[in-house]
Amino acid sequence: MAALGWLTPRRRSATARSVLAGEASAEAARKSVPEEEPEFPVLGDDKAAAFFDLDNTVMQGAALFHFGRGLYKRKFFETRDLVRFAWQQAWFRLAGVEDPEHMQEARDSALSIVKGHRVSELKSIGEEIYDEYMAERIWPGTRALAQAHLDAGQKVWLVTAAPVEIAQVIARRLGLTGALGTVAESVDGVYTGKLVGEPLHGPAKAEAVRALAIAEGLDLSRCAAYSDSHNDIPMLSLVGHPYAINPDSKLRKHARKLEWRLRDYRTGRKAAKVGIPAAAGVGAVAGGTAAAIALHRRRR
């Protein structure tokens, strides 16, 4: 049996080097266990809220264009105006960015079209237009993100340059809290054809979110914001949880640099985890893109 003595472990005290090796191994083992992402949105956090851009974030394309289609159908303006709206929408889809001149022209056209009409009339028409052109263009993935905030007991607002009346219709149809949008001047319930201030775009969105947060008693460091456009970097930078949704190239670059979370529903490629279960609306924009390309070719 003595010959088998080598099989029996020898008792000896741990050296400093062996202690160090053991501690290092334990630390490596602890680090190898993936950390769970903190729960987000936080259930019951009434100091938090979520702010969603509309065009190409919640909905495919531009709300103002779809609204214009609905007004054309109701003979608010002529065919040449619809062609201009269609070209602006084609550019928006193909380029994936907001052209300032196109956006300004679209706003000016919309204001001239609604001048003299009653606010109540446009709200009623907006309900119909949502069903006709907008409902089927809501991104399922972004809708799921908004619902996650609602399920956590948080308020959710749309923040858009679209007319506030249209934005409010969309928000209500989606079950959201409300909407911040561009305010058109009205006197005795009739549109004058002018804006109150300026369009809710870029820095103006950030100011609207800041003002609402103060009024609602929100902690912006606990809030989230979602957008596709680099124009909304001021709004995204306000909150503690910024998300780039279907981002344009400038926003994608900025988001990666600052390690903001990304989600893209336009293609099948994977984006960074956002920590909220969401269904991807893959391929939903294909029909609209094809139509835009066809329009572009006809105009060449």
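All values reported here derive from a predicted model rather than from experimental measurement. Along each chain, the written sequence defines residue order, and numbers are assigned to residues from 1. Totals for whole chains, interfaces and linings use all residues, but because this is a predicted model, local features are given only for residues with pLDDT of at least 70 and pairs of side-chain atoms are given and counted only at 80 or more. Based on all heavy atoms of the structure, the side-chain values leave hydrogens and waters out of the count.

So, the sheet that holds strand E6 (residues 224-227): which residues are in play, and what are the values?
The strand order across the open sheet formed by six strands is E3-E2-E1-E6-E7-E8, and the pairing between neighbours is parallel. Pairing within the sheet leaves two strands with one partner each, and these edge strands are strand E3 (178-182) and strand E8 (261-263). Strand after strand, the sheet turns through a mean of 20° between neighbouring axes, direction not considered. In this scheme, strands are said to pair when DSSP sees at least two bridges between them. Secondary structure elements are defined from DSSP: runs of H or I of at least 4 residues count as helices, runs of E of at least 2 residues count as strands, and each element is numbered from the N terminus. Alignment of strand E1 (residues 49-53) against E6, held across three bridges, turns out to be parallel. In the sheet register, Phe-51 faces E6, and the bridge partner there is Ala-225. Strands E1, strand E2 (155-163), E6 and strand E7 (241-245) of the sheet are contacted by helix H6 (residues 140-151), whose axis makes an angle of about 160° with E1. Lines fitted to C-alpha atoms define the axes, with helix axes restricted to the stretch in contact, and inter-axis angles between N-to-C directions lie between 0 and 180 degrees. Contact between two residues is taken to exist if any of their heavy atoms lie within 4.5 Å; hydrogens are not considered.

How would you sum up the pattern of salt bridges? Please name residues and give values.
Basic side-chain nitrogens of Lys or Arg form a salt bridge, by our definition, when they fall within 4 Å of a carboxyl oxygen of Asp or Glu. Applying the stated criterion to the full structure yields 15 salt bridges. One salt bridge in this structure joins Glu-132 and Arg-74, with 2.7 Å as the shortest N-O distance. You can see Glu-132 sitting in helix H5 (residues 119-134) and its partner Arg-74 sitting in the loop between helix H2 (63-73) and helix H3 (79-95), a full 58 residues away along the chain. Burial status follows relative accessibility: with a 1.4 Å probe on protein chains alone, a residue under 20% of its type maximum counts as buried, one over 50% as exposed, and anything between as partly exposed. You can call Glu-132 partly exposed: its relative accessible area is 29%. Since its relative accessible area comes to 22%, Arg-74 is described here as partly exposed.

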